[in-house]
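# Remarks on the overall topology
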Amino acid sequence: MKVNMQKIGEPVLTTDVQKFFENVNINIPESEAIPELQEPKASDLEIFDNEPLVELKHPDVKLLNCYWEAGWENAIDGCWIRESVAEKLYDIAEELPDRWGLAIFDAWRPLALQNELFKTACEDPLIPEELFAEPSSDPVAPPPHLTGGAVDLTFTVDNVPLAPGSGFDDISPAARADFLEEISGFNRDFRRFLYWTMHTHNFVVFEEEWWHFEFGTRRWGALTGEKAKFGVASPFN
């Protein structure tokens, strides 16, 4: 049964990276610095790929169902995403070093939940409105999570989901993907490894959220120069 907490950023389902790696005999793979991040204006969709949404299921992909666990009224139990995005995530999980895996905070998000989150952010003066994309069912300009091409994730080690320097849906500047670039340590190394792992598989990061990656969306098109292809989608059509 869901508990009606309805507080952004809770429940906390991750372990702090710094504390975790201080107590385990494992190294974070070395990665280059995160490059300068940009947020170009995204163009309206011109093509529409009817690729289906599939439910994420893989032994090395842990589903956290954050909004469901927090009790949001319009959250769903389970995790759906575009089929090609799911395959990319499975490939990533299988290519990671031993003991590493993926944990998914959120992927496809129904418009009703997007409305619920956006309304809560607007009503709380401490939460920046831009934390959540403005709800819209506009077929040529949908919010990323409504397309099934956006995924919020982190790495696991020994099946423990980890948070590098800030938690999921953190509202502080520390959530920015490159916030730790000048601060050496486990958290920076973890974020770099996450960024480059996803980049290698043609994902783009949302600069304000280290955990948010996209493929096939309007933001992805603007950042890669490729044609965006994913519009409004639902696994329940």
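Below is a short write-up of the structure. (Residues numbered from 1 in each chain as written. Predicted model: local features only at pLDDT ≥ 70, side-chain atom pairs only at ≥ 80, totals over all residues. Heavy atoms only, no water.)

### Remarks on the pattern of salt bridges
Going through the model one piece at a time under the given rule, you end up with 12 salt bridges. Here Asp-106 makes a salt bridge to Arg-109, at a shortest N to O gap of 2.8 Å. Accessibility classification places Asp-106 together with Arg-109 in one group, the buried group. Of the charged contacts in the structure, one is a salt bridge between Glu-181 and Arg-192, with a shortest N-O distance of 2.9 Å. Of this pair, Glu-181 sits in the loop between β7 (160-163) and α6 (186-200) while Arg-192 sits in helix α6, placing them 11 residues apart in sequence. (Salt bridge = Lys/Arg side-chain N within 4 Å of Asp/Glu carboxyl O. Buried < 20%, exposed > 50% of the residue type's maximum accessible area, 1.4 Å probe, protein only. Helix = DSSP H or I, 4+ residues; strand = E, 2+ residues; numbered from the N terminus.)

### Here's the deal with the pairing of β7
On a regular strand, one side chain projects to one face of the sheet and the next to the other, so that they alternate. Across 2 bridges, strand β1 (residues 15-16) lies against β7 in parallel orientation. Paired with Asp-16 across the bridge in β7 is Ala-163. With 2 bridges joining them, strand β6 (residues 150-157) and β7 adopt antiparallel strand pairing. When the sheet's bridge partners are listed, Thr-156 is paired in β7 with Pro-161. Hairpin geometry of β6 and β7 is characterised by an intervening segment of 2 residues between the two adjacent antiparallel strands and by a positive phi of about 55 degrees at Asp-158. (Pairing = 2+ DSSP bridges.)

### Points about the environment of Cys-79
Summarising the element assignment, Cys-79 is placed in the loop between α2 (66-70) and β4 (80-82). The class of Cys-79 is buried, set by a relative accessible area of 4%. Separated by 27 residues in the primary sequence, Cys-79 and Asp-106 place their C-alpha atoms 6.9 Å from one another. Setting aside residues no more than four positions away along its own chain, Cys-79 makes contact with Val-54, Glu-55, Leu-56, Leu-63, Asn-65, Ile-104 and Ala-107. (Contact = heavy atoms within 4.5 Å.)

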